[in-house]
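# A closer look at the structure
Here's the letter readout for the chains.
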Protein chains: 2
Amino acid sequence: MTIQTETDQTGVVQSSGSGAPTCLAEARRLVGPELARIVERLDDANQIVVRYHLGWTDADGAVADGVEGGKALRPALALLSARVAGAPAAVAVTAAAAVELVHNFSLLHDDLMDGDTQRRHRPTAWTVFGRAAAVLAGDGLLALAAEVLLEDPSAAAATATRSLLAATGQLVAGQSADLQFEDRMDVSLAECLQMAAGKTGALLACSASIGAQLAQADPYVVARLGAFGAEVGLAFQFVDDLLGLWGDPATTGKPVLADLRCRKKSLPIVHALTSDTAAGKRLDGLYSQPEPLTEDQLHEAAAAVEDAGSRAWAEAECDRLLAEALRHLESIGQPGSAVDELAGLAAFVVRRNS
Amino acid sequence: MTIQTETDQTGVVQSSGSGAPTCLAEARRLVGPELARIVERLDDANQIVVRYHLGWTDADGAVADGVEGGKALRPALALLSARVAGAPAAVAVTAAAAVELVHNFSLLHDDLMDGDTQRRHRPTAWTVFGRAAAVLAGDGLLALAAEVLLEDPSAAAATATRSLLAATGQLVAGQSADLQFEDRMDVSLAECLQMAAGKTGALLACSASIGAQLAQADPYVVARLGAFGAEVGLAFQFVDDLLGLWGDPATTGKPVLADLRCRKKSLPIVHALTSDTAAGKRLDGLYSQPEPLTEDQLHEAAAAVEDAGSRAWAEAECDRLLAEALRHLESIGQPGSAVDELAGLAAFVVRRNS
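In short, a report on the structure. (Residues numbered from 1 in each chain as written. Chains lettered and ligands numbered in written order. Predicted model: local features only at pLDDT ≥ 70, side-chain atom pairs only at ≥ 80, totals over all residues. Heavy atoms only, no water.)

The subject of this paragraph is the overall build of chain A. Scanning chain A from terminus to terminus reveals 16 helices and 2 strands. Its C-alpha atoms give chain A a radius of gyration of 20 Å, within 12% of the compact-globule value 20 Å for 354 residues. Seen through its principal axes, chain A has C-alpha atoms that stretch 55 × 50 × 35 Å. Counting over 354 residues, chain A shows a buried share of 57%. Here the contacts in chain A between residues at least 6 apart in sequence split such that 75% fall between residues at least 24 apart. (Helix = DSSP H or I, 4+ residues; strand = E, 2+ residues; numbered from the N terminus. Rg over C-alpha atoms; globule rule 2.2 N^0.38 Å. Buried < 20%, exposed > 50% of the residue type's maximum accessible area, 1.4 Å probe, protein only. Contact = heavy atoms within 4.5 Å.)

The next subject is the relation of the copies chain B and chain A. When chain B is fitted onto chain A, the two copies agree to an RMSD of 0.0 Å after a turn of 180° and an axial shift of 0.0 Å. Such a combination of turn and shift is consistent with a two-fold rotation axis. Ranked by how close their C-alpha atoms come to the rotation axis, the residues of chain B are headed by alanine 158 of chain B, at 3.0 Å. Most of the interface of chain B is mirrored in chain A, where 100% of its interface residues are also at the interface. (Least-squares fit on C-alpha atoms with pLDDT ≥ 70 in both.)

Looking now at the state of the cysteines. According to the stated counting rule, one finds 0 disulfides over all chains in the structure shown. For the unlinked cysteine cysteine 206 of chain A, the closest cysteine sulfur is that of cysteine 23 of chain A, found at 18 Å. For cysteine 192 of chain B, which is in no disulfide, the shortest distance to another cysteine sulfur is to cysteine 262 of chain B and amounts to 13 Å. Residue class for cysteine 192 of chain B comes out buried when judged on its relative accessible area of 0%. (Disulfide = S-S within 2.5 Å.)

Residue and element names in this part refer to chain A. Following the sequence through the fold, arginine 351 ends up in helix 16 (residues 337–351). Taking relative accessible area as the criterion, arginine 351 reaches 45% and is therefore assigned partly exposed. Through-space distance from the C-alpha of arginine 351 to that of serine 154 is 35 Å; in sequence the pair is 197 residues apart.

In this section: the interface of chain B and chain A. Of the residues lining the interface, 30 residues belong to chain B; the matching set on chain A comes to 30 residues. Where chain B abuts chain A, roughly 2,500 Å² becomes buried across the two surfaces, and 77% of that area is made up of carbon and sulfur atoms. Counting the contacts that link chain B with chain A gives 0 salt bridges. Counting across the chain B and chain A interface gives 4 residue pairs in polar contact (both at pLDDT 80 or more). Contributing elements (two or more residues each) for the side of chain B that touches chain A: helix 2 (44–53), helix 4 (93–114), helix 6 (131–150) and helix 7 (157–182) of chain B. At 13 residues, the largest contribution of residues to the side of chain B that touches chain A is made by helix 7 of chain B. Classifying every residue of the side of chain B that touches chain A by side-chain character gives 16 nonpolar, 9 polar and 5 charged. (Buried area = accessible area lost by both parts, 1.4 Å probe. Salt bridge = Lys/Arg side-chain N within 4 Å of Asp/Glu carboxyl O. Polar contact = N/O pair within 3.5 Å; in protein donor to acceptor, adjacent residues only side chain to side chain. Nonpolar A, V, L, I, M, F, W, Y, C, P; charged D, E, K, R; others polar.)

Residue and element names in this part refer to chain A. When you line up the elements, lysine 199 lands in helix 8 (residues 189–214). Considering only alpha carbons, one finds lysine 199 and leucine 171, 28 residues apart in sequence, at a separation of 4.2 Å. For lysine 199, the residues in contact, after removing those within four places along its chain, are Gln170, Leu171, Gly174, Gln175 and Asp178. Within polar-contact distance, the side chain of lysine 199 engages the side chain of aspartate 178 at 2.5 Å.

Phi is positive for histidine 121 of chain A, which is not a glycine, with a value near 65°. Among the structural elements, histidine 121 of chain A can be located in the loop between strand 1 (118–119) and strand 2 (122–123). On the accessibility criterion, histidine 121 of chain A (39% relative accessible area) is partly exposed. A positive phi angle is found at glutamine 216 of chain B, which is not glycine, with a value near 55°. With respect to the element layout, glutamine 216 of chain B can be found in the loop between helix 8 (189–214) and helix 9 (219–246). Note on glutamine 216 of chain B: relative accessible area 53%, which makes it exposed.

How two aromatic rings sit relative to each other is set out by the distance from centre to centre and by the angle between their planes. Residues and elements named next belong to chain A. Counted under the stated rule, the structure contains 4 aromatic pairs over all chains. Measuring from centroid to centroid gives 5.2 Å for phenylalanine 238 and tryptophan 313, while their planes differ by 70°, and the two rings are edge-to-face. Pair noted here: phenylalanine 238 is in helix 9 (residues 219–246) and tryptophan 313 is in helix 15 (residues 310–332), with a separation of 75 residues, a long-range link. The buried category is assigned to phenylalanine 238, whose relative accessible area is 0%. (Phe/Tyr/Trp six-rings, centres within 6.5 Å; stacked < 30°, edge-to-face > 60°.)

Moving on, we come to the packing of helix 6 (residues 131–150) of chain A against helix 6 of chain B. It is the contact of helix 6 of chain A with helix 6 of chain B, at a shortest axis distance of 11 Å, that shows an interaxial angle of 15°. The pairing of helix 6 of chain A with helix 6 of chain B is recorded here as roughly parallel in orientation. Read as a crossing pair, helix 6 of chain A and helix 6 of chain B show a hand that is right-handed. Across from Val135, Asp139, Leu142 and Leu150 of chain A in helix 6 of chain A, the residues of helix 6 of chain B making contact are Val135, Asp139, Leu142 and Leu150 of chain B. For the contact of helix 6 of chain A with helix 6 of chain B, the residue count by class is 6 nonpolar, no polar and 2 charged. (Axes fitted to C-alpha atoms, helices over the stretch in contact; angles between N-to-C directions. Parallel < 35°, antiparallel > 145°, perpendicular 65-115°, else oblique. Left-handed = near helix turned anticlockwise from the far one by under 90°.)

With that settled, consider the pattern of salt bridges. Enumeration over the complete set of coordinates arrives at 38 salt bridges over all chains. A salt bridge links arginine 184 of chain B to glutamate 191 of chain B; the shortest N-O distance between them is 2.9 Å. What makes arginine 184 of chain B partly exposed here is its relative accessible area of 26%. For glutamate 191 of chain B, a relative accessible area of 28% translates into the label partly exposed. Notably, a salt bridge pairs lysine 281 of chain B with aspartate 276 of chain B, separated by 3.1 Å at the nearest N-O pair. Across the pair, aspartate 276 of chain B and lysine 281 of chain B agree in class, each one exposed. The structure contains a network of salt bridges with shared partners spanning Arg41, Glu147 and Glu151 of chain A.

It is worth stressing that arrangement in space is one thing and function is another; only the former is reported here.
So this is what it looks like as structure tokens:
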């Protein structure tokens, strides 16, 4: 069986005008009203923070126009996974909203913990509303996400919620490891991969299988979809790390070389640091100096990651993970448009530039 | 029917040596090992923070001896509520652990948000491990609490988890309102009561009924136990607010007049501010001044609360809420030792001094 990814002859992912697979816009259309209904259940003060964070309103509460919200990658995975299991996408609409809310709970808290001041070209919520408000808004979203999923009429709602909460636990553990790494110079590549699997892989694995769970699909199908999501999640993190080093601030919305500035131990950086190359040792020297890195030193550090072969390695890993992800899809043995769209989504994740 | 509270002839709650009802020690004995098993599921870094916060270890990870942990009020309520429903306490052990973990999630985050540096006579977790670690440890506890409760074999596990998550949402909304109040001088008593019902009442109402839910008790019994817990929770907050003004720092573990120092809008304070008395106006003047209150002014403010009649009002409210709580218990119409112990616990909450 061969899976049709949504690419044209030149290997470029087919676009719906903006370069993104159409299933993302479809997910936003289907899940948007559900998200709006759920967020309305928060108290007024938390709602103001969450609506701003989601790009629905400005800091003063006025409806925001043309503000870039999330890509809806996780909702799209959830909806497609229901369709792979032969159920209508509607079966997974609440689950799609729930995974998106857990994702946004983690963004609200991570931006605060990482001290990030910009997200999607706007000031982060904690810089606008304060630290306490960002903590509470995240807390409220997490509790609400699990609560609404438990209210889902599916007989598998409790099982799906357990998956969501387990993924949340792995996500928190991954973020915890990421923060620990900032103070350690001896992070191994294996530790770094495990961190990324928790921080990014777990919720994508959950998203890519939760619709099938709610549709009460065969456990084999649920497991294969979960494995697909985990590979896509790790690929997502590799792309994120590459964009954190060589992405265009105009498209990523993040400052140039931001990851090096705060001495993040991202995957390509740890690969370089542990590469036993001259370039890796140069990077180690820069990362070990007590003073902040100058602009010149930041560019030197980025060049060292490239010279150590770590950029090429990370790019090759993206391709390998995409191929692995597609193999998991194929092993389901149920070709169809939903499987093709999942494959297209995976390819889009790996080829994105923001 | 008359409920036997665990009080002797002089109205003093019967003690197990330390002045606390024996069901609290029993709850710690039953739920302690379950809590230990659950906390072990956190990643190492979060586990260190949580174990310290729970009083199990010192800041360096060494086993702490003689450190005061929580009172286990919520676990005791959960276990007794199963017994009221005719089930063994064991039915509610996981739920008892879950409500205690949600309580501690909120303490970890609240201490950070409120800037509190001491809890139970020890430095708060965020002052020891940093803000990010406290946020993550709380996040991890919340997700884990809901996850373990969903794993409970009871057919009512999903319903109980929904209750727990709904209570968590109310708790977060209550804390959100409490923080808003600090910047507002026009807080009404009704708003303040609603805030306390969310911040403290919701989780106690959930705790006092969750065991009965898991035992699949009649919904009427579950509702009466929940109403009992809500009244006890509000009384708990009144006592907390009284202790925040006139408690002995040696027993409360909090600085003297701490609530006035940070201009909290606690129940007695809002009662005084809205009392339309000369003393209330004096307090309003002190709370409106831009400079920090001097030690003399703090004592003046405390005296104003008392002169406005707000201390006496709060004390009377405690008694009234206790009586209401006991009426809910009586209305269950199932006298027995578990009901008597719940009544004793309610009386203890109202009479505690720390």
